[in-house]
Amino acid sequence: EKYGVNINGTDICELRAIDYADENGHYNVVEYLLQNGIMDNLKEDSKFLTSKFPEVKLFSKSINSYEDLYNFSIENNEEFWRTLALNRLEWFKEFDKVNNGLDFNDYENYEHKWFINGKINVSVNCVDRHYKKNPNKTAVIWDKDEPGTEQYVTYSELYKLMNKFSNMIRHFNVKKGDSVIIYLPTSLYAIAAMLACARIGAVHSVVFGGFSSESLASRIQNCQAKIVITSNQGVRGGRFIEFKQTVDTAIETCPFVEHVLVYKRTDNPFQVNKDKDIIIDDIIDTFPDECEPEIMDSNDPLFILFTSGSTGKPKGLVHSNAGYLLQASLTQQLVFNYDCEKDVFGCLADIGWITGHSYVVYGTLCNGGTTVLFESTPTYPDPSRYWQTVERLKINQLYLAPTAIRLLIKHGDEWLKKHDKSSLKCLGSVGEPINVEAWNWFYEKVGEKRCKIADTWWQTETGAHCITPLPCGSNDILKPGMAMRPFFGIQLALMDQNGNESDTKHIEGMLCIKKPWPSMAMTVFGDDQRFKETYLKPYRGYFFTGDGAFFDNDGHIKITGRVDDVMNVSGHRIGTAEIENILSEHPDVAESAVVGVPHELTGEAVFAYIVLKETQKSEQEIFKQLKNLVKKKIASHAIPNTILVTPNLPKTRSGKIMRRILRKIASNQIEDLGDLSTISESNVIEEIIQSFRSMS
Ligand code: PRX
């Protein structure tokens, strides 16, 4: 079937895009007239066309529902993405092909290549084109820690700052393809640093400010970064955080780091190492505010972002320029029904996580929007912080993690009542399953039953939303706690216990994605083998997400949580093995096993079982040391909530720790331990249960 516009019996254009929902929630066909000089590149919707040219007849079947458009996006997948890529992004040179046609079947040879031979620059798309059109529009509102001290930054100001920053890092010998570590608080300079890297083709790796010096060091080493960009301190919740000190300790083991560029977030003094440190504030204004952008290939890496997996060390997922940007910007606009002209987008995530990358920075700026950079915490100076920020900045879309909602519910509704939330149009949830109580509170108390909630499922690996309803601006139905449906162009599958794809109704299984999508991570930095083994090998022909899901009778999706050894604590991903490795470094620990257990505030909490060697130390002393060790080596959010000493760990006959059982015991589901026949020594379980009972 052909789609397009026909005038007086002549096909005058082909259908190029379908890219927004109208006020009734109908997805209008957006036609881009390609041919017949008269209408070259004219972009209008079908209503406009038919009113202006009465002789125009749309010969496309009309697309009036999510299902119509979803089916179109799957059946015409290449056409769908091609149209969007051509019309939404600015190219130096358009691509020849949408993708390389590979799927996940021959996974050993899978290569992620989209928009082949396209030439593009992400910073041009995110800043230059909006600066040219609308220089005085606010690009960024930096909501600093201290309420009321926000800074508004126009596209013109951002353009100049980004260019100066680009020239500055080029001056320090950073070239296309080099890695740059950004260890900065959520601040204007963090955005400038990210965009500057994108502009000159350097590959940034932002490290979340909560990570310890050792975690930071291992990331610097993994990318072999020559430059680290940081600040003297961070300011969060009224407290100072010693960013620079952490960097100084980290680079003791990274002799290849040539420079540390330091931005002065506070006026407090800090140690300056004359050989390496450069104070950004002292020199940035000496650089010109114009900087030629590097011409990047669609599939050049834009950034590396480390995330935890079920084994070993965190892996650096690599994202592309074009495919990543396209899906981040498309979802930012469609999922939240974002009005790029007027709306203020309040994604409250830290820039150190993928949510910060895709929705604070790249997606929203690519759409020419106004993005909020939130530096503070939900409870500083008091639990009304979010709501007073909504009122003060007139935020239209509020996007946050369920953990914050659960925390604020505990503080009571009083904090909400004082603040005007009428600017809000749409709410979003991300990072972990949202429980029904939190969903209802968010909907009723925050959105005042007026704003719908997009429960968005995705991962560092997927780069952008993959499962979400499209509730805002439409009559799309919602079910509390459910992520509902695949986004356009995304084909899902649920795998049963035998590794076969099951029906998509009333079934629980392992969540997989069937076909590549533009914003999928390209590889694990420096370890393509690991990428393929982690994601493409478990179910041949599919991308395995690591999550479990349930499809209800209507085929709507609920995410049930991780099915591998990855925990989700306050929306932060942590591998059980990462913590076990640290615990086992302690001289008194013989063995350890870490599991995640449900927690009413943080979603999951870290529960550690340890087996001790002969020791003179008290258990309390050891616990304290272990907690400090985890904090020092990983981050505070990885500290075990509970540590339990047991005489032994349950193992299979082949020596594998039986985590399934440990998880059940730690969650106090002792009556329901399931099949114990494979355990090598059956008395071990009894001993662990006894230790657990005596602890509680
Ligand atoms: O388990 C899923 C959970 O977060 C994981 C991805 O974590 P990360 O890569 O850090 O990215 C977080 C921000 C996208 C997933 O494997 N997750 C994410 N969103 C949801 C979710 N779980 C349930 N519902 C969601 N909406």
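Residues numbered from 1 in each chain as written. Predicted model: local features only at pLDDT ≥ 70, side-chain atom pairs only at ≥ 80, totals over all residues. Heavy atoms only, no water.

### Remarks on unusual backbone geometry
Thought 1: With omega at -5°, the peptide bond leading from Tyr380 into Pro381 counts as cis.
Thought 2: Counting through the fold element by element, Pro381 comes out in the loop between strand 23 (370–374) and helix 12 (385–393).
Thought 3: You will see that Lys394, though not glycine, has its phi angle at about 55°, which is positive.
Thought 4: With respect to the secondary-structure elements, Lys394 resides in the loop between helix 12 and strand 24 (397–400). (Helix = DSSP H or I, 4+ residues; strand = E, 2+ residues; numbered from the N terminus.)

### Here's the deal with the side chain of Asp552
Thought 1: Within the secondary structure, Asp552 sits in the loop between strand 30 (543–551) and strand 31 (557–562).
Thought 2: According to the relative accessible area criterion, Asp552 is buried, its value standing at 11%.
Thought 3: Reaching out from Asp552, the side chain makes a polar contact with the side chain of Lys479 at a distance of 2.6 Å.
Thought 4: Among residues more than four places away in sequence, those in contact with Asp552 are Lys479, Met482, Thr504, Lys505 and His506. (Buried < 20%, exposed > 50% of the residue type's maximum accessible area, 1.4 Å probe, protein only. Polar contact = N/O pair within 3.5 Å; in protein donor to acceptor, adjacent residues only side chain to side chain. Contact = heavy atoms within 4.5 Å.)

### Quick look at the nonpolar core
Thought 1: In terms of nonpolar packing, the biggest core is built from 120 residues, with Phe115, Leu158, Phe165, Ile229 and Tyr362 touching the most fellow members.
Thought 2: With 12 residues, helix 6 (residues 188–200) is the largest single contributor of residues to this core.
Thought 3: When sequence neighbours within four positions are dropped, the list of residues in contact with Ile229 reads Phe165, Ile169, Val180, Ile181, Ile182, Tyr183, Leu184, Ala193, Leu261 and Ile280.
Thought 4: Counting 47 residues, the second largest nonpolar core, distinct from the first, contains Val247, Ile251, Ile279 and Ile610. (Core = buried A, V, L, I, M, F, W, Y, C linked by side-chain atoms within 4.5 Å.)

### A few points about the pattern of salt bridges
Thought 1: In the structure shown here, the tally under the stated rule is 38 salt bridges.
Thought 2: Put simply, Lys632 and Glu214 hold a salt bridge, and the shortest N to O gap is 3.6 Å. One end of the pair, Lys632, is in helix 18 (residues 619–633); the other, Glu214, is in helix 7 (residues 213–223), and 418 residues separate them in sequence.
Thought 3: Assessed through its relative accessible area of 49%, Lys632 is described here as partly exposed. (Salt bridge = Lys/Arg side-chain N within 4 Å of Asp/Glu carboxyl O.)

### Brief notes about the packing of aromatic side chains
Thought 1: Evaluation of the coordinates by the stated rule reveals 36 aromatic pairs.
Thought 2: Note on Tyr183 and Phe243: the rings are 5.1 Å apart at their centroids and 50° apart in plane angle, and the pair reads as tilted. Residue Tyr183 is found in strand 12 (residues 179–183), and its partner Phe243 is found in helix 8 (residues 243–251); the two are separated by 60 residues along the sequence.
Thought 3: Tyr183 gets classed as buried once you look at its relative accessible area, which sits at 2%.
Thought 4: Both rings, one in Tyr324 and one in Tyr362, keep their centres 5.9 Å apart while their planes meet at 85°; by these two values the pair is edge-to-face. Pair noted here: Tyr324 is in helix 10 (residues 322–335) and Tyr362 is in helix 11 (residues 354–366), with a separation of 38 residues, a long-range link.
Thought 5: Among the residues examined, Tyr324 registers a relative accessible area of 0% and is labelled buried.
Thought 6: By relative accessible area, which is 0% here, Tyr362 ends up buried.
Thought 7: Its end group placed over the ring of Trp142, Lys144 keeps NZ or CZ at 4.7 Å from the ring centre.
Thought 8: Lying over the aromatic face of Phe211, Arg219 brings its terminal NZ or CZ to 4.3 Å of the ring centre. (Phe/Tyr/Trp six-rings, centres within 6.5 Å; stacked < 30°, edge-to-face > 60°. Lys NZ or Arg CZ within 6 Å of the ring centre and 35° of its normal.)

### Topic: the UniProt feature "domain: Acetyl-coenzyme A synthetase N-terminal" (unreviewed entry) in the chain
Thought 1: Here the UniProt feature "domain: Acetyl-coenzyme A synthetase N-terminal" (unreviewed entry) sits at residues 66–126.
Thought 2: Between the C-alpha atoms that bound residues 66–126 there is a distance of 28 Å. The span itself is 44% helix and 13% strand. (UniProt positions renumbered as here; feature names shortened; annotations may be inferred.)

### Regarding the sheet that holds strand 28 (residues 507–513)
Strand pairing in a sheet relies on backbone hydrogen bonds. The paired strands run either parallel or antiparallel.
Thought 1: Strand order across the open sheet formed by 4 strands is 27-28-30-31, with antiparallel pairing between neighbours. Each edge of the sheet is formed by a strand with only one pairing partner; in this case those strands are strand 27 (492–495) and strand 31. Averaged over all pairs of adjacent strands, the angle between their axes in this sheet comes to 45°, without regard to strand direction.
Thought 2: Of the pairings in the sheet, the one linking strand 28 to strand 30 comprises 6 bridges and is antiparallel in character. Of the residues in strand 30, the one forming a bridge with Glu508 is Phe550. (Pairing = 2+ DSSP bridges. Axes fitted to C-alpha atoms, helices over the stretch in contact; angles between N-to-C directions.)

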